[in-house]
Amino acid sequence: MAMKRATASVIRTVWGSGVVEPLPISRSLHASPGSKKIVGVFYKGNEYASSNPNFVGCVENALGISQWLESQGHQYIVTDDKEGPNCELEKHIPDLHVLISTPFHPAYVTAERIKKAKNLQLLLTARIGSDHIDLQAAADTGVTVAEVTGCNVVSVAEDELMRILILVRNFLPGYHQVINGDWKVAGISHRAYDLEGKTVGTVGAGRIGKLLLQRLKPFNCNLLYHDRLKMELEMEAQTGAKFEEDLDVMLPKCDVIVINMPLTEKTRGMFDKERIAKLKKGVLILNNARGAIMDTEAVVEACSSGQIGGYSGDVWHPQPAPKDHPWRGMPNQAMTPHVSGTTIDAQLRYAAGTKDMLDRYFKGEEFPAQNYIVKEGKIASQYL
């Protein structure tokens, strides 16, 4: 069914205020007839671009949709150059219709950029997580924001389980000993533990959080979760996870804390010095959600003092992280670049999802409801 054009007085909820007010929407939400200019911003594959035919998430392979788009008469431009007033992306802002981006190499879509993009109709995240976009500005101007929801939840949940074990077993010092030619068992074993019997809490129990809890069940952990919504009883019974309504009651109980919530104005910087001080001394923290949920300096200080026994994740603020980012040098960290959701399997899923949504866009058809982040001036509830 064709998507309805936004009316002149769509009602929206103002971010964080609960106030309802009329909002003029000025842009069509779906494609008008004719050729469209589509810009994709991805990371460079460089020498690895030809190493695997399914490595579609890089600039060189452009989600594998170049021929398809061009055969339909559309213009498709891909770049990794996204920063500064003279970057490649900035040149195309005034006349592009669709911008495709990813969280791994985010094109920060500011209110200023949205204002310049007079033809912009669709901001499409080829994965999940659209906090690199000014969602309020998109809502205010009637631009649709959508994601390929669910495309990499398995990839991220598996990565989280791996990182929990890496931290609990103090794996990295042992690996570094091998690289350096050392053999000092005490340097590893003095802070290596079993996962069994430990209390693991996930802050957020959406698709990824639920998958993680399912995967932790066989380890015989004490599982807790905090979320704005309580899980269905069947899932609670299956995982044995206990709901904690009060986050600050749950956190001090945890030996391991996993961050699985989106970045919003409410969650930005929520793990600050004060909250971290209330955690168990030596707590292990894993964050594959967003780097800005953590207070950067508070994490460094807590890792240095031992308040945090180990910190792992693949998200930073900003991204890509500068060479002098303080997390690079802090003790007991197991950080990587933002890779957990861009396995080859995930790339194939989010490439297919992107193609499907572009096809729907051209045909004037609805996207799957769960893929909308901003629709007709309304921001999805998880980002409020």
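Visitor: Residue-level account of the nonpolar core, with values.
Guide: Of all hydrophobic cores here, the largest spans 32 residues; its most connected members are I257, F271 and Y311. At the level of elements, α10 (247-250), β11 (256-259), β12 (283-287), α12 (296-305) and β13 (308-313) are the ones that each hand at least two residues to this core. Ranked by the residues each element gives to this core, the list is headed by α12, at 5 residues. Beyond its immediate sequence surroundings of up to four residues, F271 is in contact with V203, L251, I257, I259, M261, I276, I293, M294 and D295. A49, A62, W68 and F367 belong to the second largest nonpolar core, which has 31 residues in total.

Visitor: Give a detailed account of the pattern of salt bridges, specifying residues and quantitative values.
Guide: Scanning the entire structure with this criterion turns up 18 salt bridges. E90 is paired through a salt bridge with R113; the nearest N and O atoms lie 2.9 Å apart. Note that E90 is positioned in helix α2 (residues 88-92) and R113 in helix α3 (residues 111-116), a separation of 23 residues in sequence. In this pair, the class of E90 matches that of R113, namely buried. Via salt bridges that share partners, E90, E112, R113 and K116 belong to a single interconnected network.

Visitor: Describe the sheet that holds β12, with residues and values.
Guide: Sheet architecture is open: 7 strands sit in the order β10-β9-β8-β11-β12-β13-β14, paired in parallel fashion. Looking at which strands have only one partner, the edges of the open sheet turn out to be β10 (242-243) and β14 (333-335). Examined bridge by bridge, β13 and β14 share 3 bridges and lie parallel to one another. Directly across from S312, in β14, lies its bridge partner A334.

Visitor: An account of the pairing of strand β3 (residues 37-41) is requested, with residue identities and associated values reported.
Guide: Most of β3 sits out of view: 5 of its 5 residues are buried. Relative to strand β4 (residues 75-79), β3 runs parallel, the two being bridged by 5 bridges. Bridging from a neighbouring strand, G40 pairs with V78 of β4. In this fold, the crossover linking β3 to β4 by way of helix α1 (residues 66-71) has right-handed handedness. Inspection of the sheet shows β3 paired to strand β5 (residues 98-101) by 3 bridges, in the parallel sense. Of the residues in β5, the one forming a bridge with I38 is V98.

Visitor: Explain the side chain of E236 to me, and be specific about the residues and the numbers.
Guide: For E236, the position within the fold is in helix α9 (residues 233-239). Not counting chain neighbours up to four residues away, the residues in contact with E236 comprise Y225, K230, M231, A241 and F243.

Visitor: Account for the packing of aromatic side chains, naming residues and giving values.
Guide: For the coordinates displayed, the defined rule picks out 10 aromatic pairs. Seen in terms of ring centroids, Y225 and F243 are 5.3 Å apart; in terms of plane orientation they differ by 50°. Their pairing is tilted. Of this pair, Y225 sits in strand β9 (residues 222-226) while F243 is found in strand β10, placing the two residues 18 residues apart along the sequence. Overall, F243 belongs to the partly exposed group, its relative accessible area being 21%. By the ring-pair criterion, three or more aromatic residues cluster together here, those being Y43, F55, F104 and Y350. The positively charged end of R328 is found above the aromatic ring belonging to W316, 5.5 Å away from the centroid. Over the face of the ring belonging to Y372 we find K375, whose NZ or CZ atom lies 4.6 Å from the ring centre.

Visitor: Lay out helix α8 (residues 207-216) in plain terms, naming residues and giving numbers.
Guide: Since one α-helical turn is 3.6 residues long, residues separated by three or four positions face the same way. Of all the 10 residues making up α8, 7 are buried; the element is thus mostly covered by neighbouring parts of the structure. Every buried residue belonging to α8 is among I208, G209, K210, L211, L212, L213 and L216, and all of these are buried.

Visitor: How would you summarise unusual backbone geometry if you had to cite specific residues and measurements?
Guide: Looking along the chain, the bond that leaves H317 and enters P318 is cis, with omega of 0°. Residue placement: P318 occurs in the loop between β13 and β14. Cis peptide bonds are those with omega within 30 degrees of zero, and the linkage from Q319 to P320 qualifies with -10°. Relative to the helices and strands, P320 resides in the loop between β13 and β14. In this structure, N332 takes a positive phi of about 55° despite not being glycine. Here N332 lies in the loop between β13 and β14.

Visitor: If you had to explain a nonpolar patch on the surface to someone new, which residues and values would you point to?
Guide: On the surface, a nonpolar cluster with roughly 340 Å² of combined accessible area is contributed by F171, Y175 and I179. Counting through the fold element by element, F171 comes out in helix α6 (residues 171-180).

Reading the values: the criteria
Residues numbered from 1 in each chain as written. Predicted model: local features only at pLDDT ≥ 70, side-chain atom pairs only at ≥ 80, totals over all residues. Heavy atoms only, no water. Core = buried A, V, L, I, M, F, W, Y, C linked by side-chain atoms within 4.5 Å. Buried < 20%, exposed > 50% of the residue type's maximum accessible area, 1.4 Å probe, protein only. Helix = DSSP H or I, 4+ residues; strand = E, 2+ residues; numbered from the N terminus. Contact = heavy atoms within 4.5 Å. Salt bridge = Lys/Arg side-chain N within 4 Å of Asp/Glu carboxyl O. Pairing = 2+ DSSP bridges. Right-handed = clockwise from strand over helix to strand, strands pointing away. Phe/Tyr/Trp six-rings, centres within 6.5 Å; stacked < 30°, edge-to-face > 60°. Lys NZ or Arg CZ within 6 Å of the ring centre and 35° of its normal. Patch = residues over 30% accessible without salt bridge, like charges linked within 9 Å, V, L, I, M, F, W, Y side chains within 5 Å. Areas by Shrake-Rupley, 256 points an atom, 1.4 Å probe, with all protein chains shown as cover.

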